[in-house]
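Listed here are the chains, written in short residue letters.
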Amino acid sequence: MTTYTSLRDTPPKVLRGWMDAAIEQAEKSWSEGGIPIGSVLVDEHGAVVARGHNMRVQSGDPTAHGEMSCIRSAGRRRDWSRLTLVSTLSPCSMCSGTASLLRFPRVLIGENRTFQGAEDWMRQHGAELLVMDDPRCIALMERMKREKPDLWAEDIGD
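Remember, it's a predicted structure, so these values are computed and weren't measured experimentally.

> Would you explain the packing of helix α1 (residues 12-31) against helix α6 (residues 135-147) in this entry?
Helix-helix packing is described using two parameters, namely the angle between the two axes and the distance between the axes. As a packed pair, α1 and α6 sit with axes 10 Å apart at the nearest point and diverge in direction by 15°. With respect to α6, the axis of α1 lies roughly parallel. The handedness of the crossing between α1 and α6 comes out as left-handed. Counted together, R16, M19, D20, I23, A26, E27 and W30 of α1 and R136, C137, L140, R143, M144 and E147 of α6 form the full contact between these two elements. Split by residue class, the contact of α1 with α6 holds 7 nonpolar, no polar and 6 charged.

Below, the structure written as structure tokens:
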């Protein structure tokens, strides 16, 4: 059984599969009228163990970011320090703080062009980060900026 302990040593096809799962969550949020950000948690063998998408609009909860919803759906675990967090967008300060608190060793980011979160902070706390610069993730956020500029401003804080 393959064990994934470094993003840089993980085959691109595997990384893309994980990002595909996160994008599916982002598209789900968008179809619900929400913010198109999705996230998954992957174990050291590459299996997706939790999924989540941004629920801020749908739930009225300002903390219901994609990463937070994913982490909540994972429930109680003892293997946080062996999981990989995958997000379609660079995690904000809250999500980066939670990732560091739970000691995620790896964070795979779809894109950080439209918004760059606390990436340096996560690195300082020992996480390996890889930004895929995935055009699909960029297109999701660009579409939101274009079609729902007020929602973009509310979410990003402009």
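Moving on from the coordinates now.
> Before we go on, may I ask you to explain the pattern of salt bridges in this structure?
Oppositely charged side chains can form a pair if their charged atoms are brought close together. What the rule picks out here adds up to 11 salt bridges. With a closest N to O distance of 3.9 Å, E119 and R123 form a salt bridge. You can see E119 and its partner R123 sitting in helix α5 (residues 119-124), 4 residues apart, about one turn around the helix. Judged by its relative accessible area of 2%, E119 is buried.

> What am I meant to see in the packing of aromatic side chains here?
The geometry of an aromatic ring pair is captured by the separation of the ring centres together with the interplanar angle, meaning the angle of the planes. According to the stated counting rule, one finds 2 aromatic pairs in the structure shown. When the ring of Y4 is compared with that of W18, the centres are 5.6 Å apart and the planes differ by 90°; the resulting orientation is edge-to-face. Within this pair, whereas Y4 is found in the segment before α1, its partner W18 is found in helix α1, the two being separated by 14 residues in sequence. Summarising the burial analysis for this pair, Y4 and W18 share the class buried. Geometrically, the ring pair formed by W80 and F104 is edge-to-face, given 5.9 Å between the ring centres and 70° between the ring planes. Note that W80 is positioned in the loop between α3 (66-74) and β3 (84-87) and F104 in the loop between α4 (93-101) and β4 (106-109), a separation of 24 residues in sequence. With respect to class, W80 is no different from F104; both count as buried.

> Looking at this structure, I do not really get the environment of R16. What am I missing?
Within the element layout of this structure, R16 appears in helix α1. Sequence separation of R16 and G110 is 94 residues, and the distance between their C-alpha atoms is 9.5 Å. When neighbours within four sequence positions are excluded, R16 is seen to be in contact with M132, D134 and R136.

> What exactly am I supposed to notice about the sheet that holds strand β2 (residues 48-53) here?
By way of backbone hydrogen bonds, the strands of a sheet pair with one another, either parallel or antiparallel. Ordered in space as β2-β1-β3-β4-β5, the 5 strands form an open sheet in which the pairing is mixed. The outermost strands of the open sheet, each flanked by one partner alone, are β2 and β5 (128-131). Within the sheet, the average angular offset between the axes of one strand and its neighbour, ignoring direction, is 15°. The pairing of β3 with β4 spans 4 bridges and is classified as parallel. Across the sheet, V86 pairs through a bridge with L108, a residue of β4. Contacting β1 (38-42), β2 and β3, α3 runs over the sheet at an angle of about 135° to β2.

Cut-offs applied
Residues numbered from 1 in each chain as written. Predicted model: local features only at pLDDT ≥ 70, side-chain atom pairs only at ≥ 80, totals over all residues. Heavy atoms only, no water. Axes fitted to C-alpha atoms, helices over the stretch in contact; angles between N-to-C directions. Helix = DSSP H or I, 4+ residues; strand = E, 2+ residues; numbered from the N terminus. Parallel < 35°, antiparallel > 145°, perpendicular 65-115°, else oblique. Left-handed = near helix turned anticlockwise from the far one by under 90°. Contact = heavy atoms within 4.5 Å. Nonpolar A, V, L, I, M, F, W, Y, C, P; charged D, E, K, R; others polar. Salt bridge = Lys/Arg side-chain N within 4 Å of Asp/Glu carboxyl O. Buried < 20%, exposed > 50% of the residue type's maximum accessible area, 1.4 Å probe, protein only. Phe/Tyr/Trp six-rings, centres within 6.5 Å; stacked < 30°, edge-to-face > 60°. Pairing = 2+ DSSP bridges.

By themselves, these are just geometric observations and shouldn't be taken as functional.
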